[in-house]
Amino acid sequence: MKVKYRMGGRKLNKVPIVAIMYDFDKTLCTKDMKEYAFIPALGMTAEEFWKEAQELTDREEMDSILA
């Protein structure tokens, strides 16, 4: 979708700019973004999910942030 703007008598054709934000480290939200829809969609509580995630990172010697 193109939007026409006027600037100083000139017509400008511009494409709208869209930004997508994802807060992966709780700097913008009080809980992880995954806890709003993703984890419930798995049929798990946040506690169950994070416990399983931590067990996986420990078992596989992974960095918990990257895992």
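Let us look at the structure shown here.

Scoring rules and cut-offs
- Position labels on residues start from 1 in each chain and follow its written sequence.
- Totals for whole chains, interfaces and linings use all residues, but because this is a predicted model, local features are given only for residues with pLDDT of at least 70 and pairs of side-chain atoms are given and counted only at 80 or more.
- Heavy atoms throughout the structure, all of them, feed into the side-chain values; hydrogens and water do not.
- Only runs of H or I of at least four residues qualify as helices and only runs of E of at least two qualify as strands under DSSP, and these elements are numbered from the N terminus.
- Under the convention used throughout, the expected extent of a helix is 1.5 Å for every residue step, that is, one less than its residue count.
- Exposure categories follow from relative accessible area, calculated using a 1.4 Å probe and restricted to protein chains: below 20% of the type maximum is buried, above 50% is exposed, and the middle band is partly exposed.
- The arc in question is the one traced by the directions running from the helix axis out to the C-beta atoms.
- When checking whether two residues touch, look at their non-hydrogen atoms; a contact exists if any pair is within 4.5 Å.

## Some points on helix H2 (residues 46-59)
- Here H2 spans 20 Å end to end across 14 residues, near enough to the 20 Å set by a 1.5 Å rise per residue.
- Regarding H2, the residues found buried are Ala46, Phe49 and Thr57. The arc enclosing the buried residues of H2, seen along the axis, measures out at 65°, which places them on a common side. Relative to its buried face, H2 has exposed residues pointing more than 90 degrees away, namely Glu47, Lys51, Asp58 and Arg59.
- Where H2 is buried, its residues contact helix H1 (38-41).
- Positive phi appears at Glu61, one or two residues downstream of H2, with a value of about 55°.

As far as function goes, none of this settles anything; it's purely spatial.
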